[in-house]
Amino acid sequence: MHLSSLVLPVQSHARGRSPRPRRWRESLAAIALAAGFLPSAILHAQTFVAEWAAADIGRIGATGLALDTVGGTTYLYVADQNHGRIIKFNAATGTRVAVWGSTGTADGEFNSPFGIAIDPASHDLYIAERGNNRISRITNNGLFVMKWGVAGQGAGEFNGPIGVAADAAGNVYVTDHGNHRVQQFHVSGSSAQHVTSWGGQGAGNGQFNGPYGITLDGAGNLWVADGFNHRLQKFAADGRFLAVIGRYGFGDGEFVTPVWVSFDATGAYYVAETNSDPQNAGAFDAQIQRIQKFTPTGAFVLKWGTYGEAGGQFRLPFNVVVDANNNAYVSDYYNTRVQKFSLNAAPPPPPPPPPPSTLPATGSTARFVNLSSRLRTAEGNASRAFIAGFVVSGSTPKSMLIRAVGPGLAQFGVTGMLANPRLRIHSGSQVLVENEDWVDTPTMRATADRVGAFQLAPGSRDAALIVTLAPGAYTAEVVANGGDGVALIEVYDVEATQAGTQLINLSTRGFVDTGDAVLVAGFVISGDAPKRVLVRGIGPALSGFGVSGALADAVLKIYSGTTVVAQNDDWGTPQSVAGAAAPASAAEISAAASSVAAFALPNGSKDAAVVVTLPPGAYSAVVSGAGTGTGAGLIEVYELPAR
């Protein structure tokens with residue numbers, strides 16, 4: 001296949017302890033706020049299940065997909081553009097059931113098959129053949145039924161048909177890619193009668209620039225992936241324009257080249273998206289190879305995928321379909337495969353810290369020994385930068401292990417990792433030290449073992465530093481180095497037994513989205529005694545720092561494993577948790593914030609906060625929006641003085 005005929009390059013766009021010295025006693029929030037960054041939250045709630053490549057019959061060039069359930073079994077049909085054939089799989093098991101066709105012009109042969117649609121009444125398949133400029137119809141057992149269309153610009157003629165959709169009334173809709181239009185036909189018996197056409201090349205409502213996939217939603221409306229206009233368009237079944245969805249951009253809910261849209265049983269929709277030439281992808285070209293999910297009302301839910309060949313990565317994700325069991329199937333064209341994902345899984349947690357028994361003992365003194373945050377970041381986009389603040393207390397320098405992990409997250413089932421993170425440690429505006437591509441030394445490995453950190457793979461492009469820091473406030477920044485992806489910042493106390501100096505605070509600011517796209521921080525308390533902590537989920541109060549789009553109503557939950565041990569929605573109203581101690585009052589929370597120099601929360605605000613005493617162990621603090629609220633949020637974890 002000539003690549004430019006599938007995805008043309010897009011146009012370029014610019015893209016009791018001793019008092020601490022006052023000079024660094026400022027709130028951790030101030031550190032993150034002053035940095036001016038707004039990192040995104042974790043956006044992955046899918047789990048890679050399997051890939052089907054059918055290598056024994058020649059590596060497939062997967063484009064169009066369709067699901068159909070017959071006799072209680074769900075089948076996945078795959079258009080193999082490279083070999084002019086249709087492959088039928090058992091969707092549950094991945095077993096190949098049948099292969100039909102070969103490249104040619106005869107009945108039952110196919111030339112560049114792209115879209116597949118299932119006739120709801122007969123369970124027959126309609127196949128858009130780009131190379132033959134026609135639509136073919138076959139039974140679900142592979143028997144040829146009919147065909148129509150020739151090359152041209154007239155009614156019923158095609159210039160590279162790609163998408164096809166069918167309803168139960170016998171209507172078939174085709175995206176006529178090269179003619180920049182949609183054509184409607186009525187099929188009866190062995191004939192297809194042209195009904196109407198609409199579109200024409202342009203950027204106005206109802207016009208197209210390279211339309212790809214076409215899909216019917218549950219209400220009988222048509223959705224078209226208008227690829228080079230960087231949007232979706234919605235039409236009534238008779239071709240009346242209804243709406244434009246999306247716009248150009250690399251952000252959540254924005255599109256570069258959307259090539260297909262499909263729906264699940266709830267009405268949520270999924271968009272397969274790529275940009276430029278993934279065969280010759282540089283850093284810019286490789287940025288967008290992903291699937292985005294939206295609620296039925298159009299709210300962004302999640303996205304997954306980056307450029308690459310690993311499970312969960314894509315090189316031209318062309319089509320996505322979702323079955324009744326909430327499994328998503330993606331045709332990954334240049335990787336010559338179909339990938340299957342489960343959308344039922346909870347979002348993968350940050351790599352777990354070691355259990356308390358493996359951490360260095362500190363007698364009866366409980367303390368933080370590991371602070372971490374995981375977010376998505378992107379090069380050249382300040383709103384997607386990733387920075388976390390932390391404070392080292394005491395009077396003597398402390399040895400720290402600080403890491404920015406991207407590729408290393410793969411071992412925990414995380415997809416869409418940042419390919420090449422760079423780590424910078426700042427003191428104020430000064431960069432103290434930085435690293436890109438960690439150095440595999442005996443000291444580095446022994447230090448990771450000592451603090452219970454998982455080992456990085458030799459030669460991986462993760463970043464790591466062992467650095468000695470004087471008491472003070474610091475920021476750890478992850479630089480994306482091209483593309484975007486999920487990264488993990490980890491700050492480990494190497495000298496957890498050292499008296500007089502310790503790690504006391506963590507603050508991370510990010511975008512809080514719906515569903516699984518929440519803001520998460522992890523922390524570990526060592527020792528054999530409980531520790532009082534102040535944890536805050538800030539939303540509305542960020543407006544006082546000039547942050548636009550702040551989360552209107554923050555909800556905070558503290559987890560030990562999967563158990564909620566503390567929670568709050570509106571910091572002035574204590575909220576109990578079954579089996580836990582009585583929650584702290586607003587007065588106690590205000591006093592705790594004052595004791596650590598945290599900024600005061602406005603009375604009656606919708607920010608969230610808890611003061612809680614926790615035994616040694618590993619914890620996660622999660623900030624989400626009440627209801628379906630989204631916006632900029634801040635998560636803070638403070639060690640409190642002993643009472």
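It should be noted that the structure appears before, not after, this text.
Because the structure is a prediction, the values reported are computed rather than measured. (Residues numbered from 1 in each chain as written. Predicted model: local features only at pLDDT ≥ 70, side-chain atom pairs only at ≥ 80, totals over all residues. Heavy atoms only, no water.)

Chemist: Can you break down the packing of aromatic side chains residue by residue, with the values?
Modeler: The description of two aromatic rings rests on the distance between their centres and on the angle between their planes. A full pass over the atoms with the stated rule returns 21 aromatic pairs. Each ring, one from Phe 158 and one from Phe 185, has its centre 5.8 Å from the other, and the planes form 55°; the classification is tilted. A residue pair is termed long-range when its members are at least 10 positions apart, and Phe 158 in the loop between β9 (144–148) and β10 (161–166) and Phe 185 in strand β12 (residues 181–188) qualify at 27 residues. An angle of 75° between the planes, with centres 6.0 Å apart, marks the rings of Phe 235 and Phe 241 as edge-to-face. By the ring-pair criterion, three or more aromatic residues cluster together here, those being Trp 223, Phe 255, Phe 263, Tyr 269, Phe 294 and Phe 300. The ring of Phe 114 carries Arg 130 above its face, with NZ or CZ at 5.6 Å from the centroid. Sitting above the plane of the Phe 454 ring, Arg 403 keeps its charged end 4.6 Å from the centroid. (Phe/Tyr/Trp six-rings, centres within 6.5 Å; stacked < 30°, edge-to-face > 60°. Helix = DSSP H or I, 4+ residues; strand = E, 2+ residues; numbered from the N terminus. Lys NZ or Arg CZ within 6 Å of the ring centre and 35° of its normal.)

Chemist: Before we move on, could you go through empty space enclosed by the protein and cite the residues and values that matter?
Modeler: Quantified by volume, the largest cavity comes out at close to 40 Å³. Of all the elements in the fold, those that place two or more residues in the lining of the largest cavity are β27 (398–405) and α2 (442–451). Of the residues assigned to the lining of the largest cavity, the class counts are six nonpolar, one polar and one charged. (1 Å grid on protein atoms, 1.4 Å probe; cavity = no way out; pocket = protein on both sides within 12 Å on 5 of 7 lines; lining within 4 Å. Points joined across faces, edges and corners; volume = space filled by probe spheres on them. Nonpolar A, V, L, I, M, F, W, Y, C, P; charged D, E, K, R; others polar.)

Chemist: Summarise the sheet that holds strand β13 (residues 191–199); cite the residues concerned and give the values.
Modeler: Strand order in this open sheet of four strands is β10-β11-β12-β13, and the pairing throughout is antiparallel. The open sheet has two edge strands with one neighbour each: β10 and β13. The sheet shows a mean angle of 25° between the axes of neighbouring strands, taken without regard to direction. (Pairing = 2+ DSSP bridges. Axes fitted to C-alpha atoms, helices over the stretch in contact; angles between N-to-C directions.)

Chemist: Just give me the short version of the sheet that holds strand β2 (residues 62–70), but keep the residues and values in it.
Modeler: Here we have four strands laid out as an open sheet, ordered β2-β3-β4-β5, and antiparallel in their pairing. Only two strands of the sheet have a single partner each, and these edge strands are β2 and β5 (96–100). Averaged over neighbouring strand pairs, the angle between their axes works out to 20° when direction is ignored. The pairing of strand β3 (residues 73–80) with strand β4 (residues 85–90) spans six bridges and is antiparallel. Along β4, the bridge assignment pairs Asp 80 with Arg 85.

Chemist: Talk me through α2; I want residue IDs and the actual numbers.
Modeler: Met 444, Thr 447, Ala 448 and Val 451 are the residues of α2 that are buried. Viewed along the axis of α2, the buried residues span an arc of 100°, placing them on a single side of the element. Opposite the packed face of α2, turned more than 90 degrees from it, sit the exposed residues Pro 442 and Asp 449. On its buried face, α2 is in contact with β27, β30 (463–469) and β32 (484–493). At the C-terminal side of α2, Gly 452 shows a positive phi close to 80°. (Buried < 20%, exposed > 50% of the residue type's maximum accessible area, 1.4 Å probe, protein only. Arc of directions from axis to C-beta. Contact = heavy atoms within 4.5 Å.)

Chemist: Mind laying out the side chain of Asn 133, listing which residues take part and the relevant values?
Modeler: Relative to the helices and strands, Asn 133 resides in the loop between β7 (125–129) and β8 (134–138). For Asn 133, the side chain forms a polar contact with the main-chain nitrogen of Gly 160, separated by 2.7 Å. (Polar contact = N/O pair within 3.5 Å; in protein donor to acceptor, adjacent residues only side chain to side chain.)

Chemist: Describe the environment of Thr 69, listing the residues and the values that go with them.
Modeler: Considering the arrangement of structural elements, one finds Thr 69 in strand β2. Through-space distance from the C-alpha of Thr 69 to that of Ala 324 is 9.6 Å; in sequence the pair is 255 residues apart. With near-sequence residues (within four places) excluded, Thr 69 lies in contact with Thr 74 and His 123. A polar side-chain atom of Thr 69 sits 2.8 Å from a polar atom in the side chain of Thr 74.

Chemist: Mind laying out the side chain of Thr 139, listing which residues take part and the relevant values?
Modeler: Of note, Thr 139 is situated in the loop between β8 and β9. When neighbours within four sequence positions are excluded, Thr 139 is seen to be in contact with Trp 100, Asp 124, Leu 125 and Val 145.

Chemist: An account of the layout of surface pockets is requested, with residue identities and associated values reported.
Modeler: In this structure, the largest pocket encloses a volume near 940 Å³. In this structure, the largest pocket is lined by 35 residues; those nearest its centre are Leu 67, Thr 215, Leu 216, Phe 263 and Val 322. Of all the elements in the fold, those that place two or more residues in the lining of the largest pocket are β2, β6 (113–118), β10, β14 (211–216), β18 (257–263), β22 (317–322) and β23 (327–332). In terms of residue count, β2 provides more of the lining of the largest pocket than any other element does, five residues in total. Residue composition of the lining of the largest pocket, grouped by class: 21 nonpolar, nine polar and five charged.

Chemist: Can you lay out helix α3 (residues 586–595) for me, pointing to particular residues and giving the numbers?
Modeler: For α3, every residue scored as buried is listed here: Ile 589, Ala 592 and Ala 593. Along the axis of α3, the buried residues cluster in a sector spanning 100°; they form a single face. Along α3, exposed side chains directed more than 90 degrees from the buried face belong to Ala 587 and Ser 594. The elements touched by buried residues of α3 are β35 (531–538) and β38 (608–614). Phi for Ala 597, located one or two positions after α3, is positive at around 65°.

Chemist: Report on the pattern of salt bridges, specifying residues and quantitative values.
Modeler: If you walk through the whole model with that rule in mind, you get 22 salt bridges. Note that Glu 254 and Arg 247 form a salt bridge whose closest N and O atoms lie 3.2 Å from each other. For Arg 247, a relative accessible area of 58% translates into the label exposed. In this structure, Glu 639 engages Lys 531 in a salt bridge whose closest nitrogen and oxygen atoms are separated by 3.1 Å. Taken together, the residues span a long stretch of sequence, with Glu 639 in strand β40 (residues 631–639) and Lys 531 in strand β35 at a distance of 108 residues. (Salt bridge = Lys/Arg side-chain N within 4 Å of Asp/Glu carboxyl O.)

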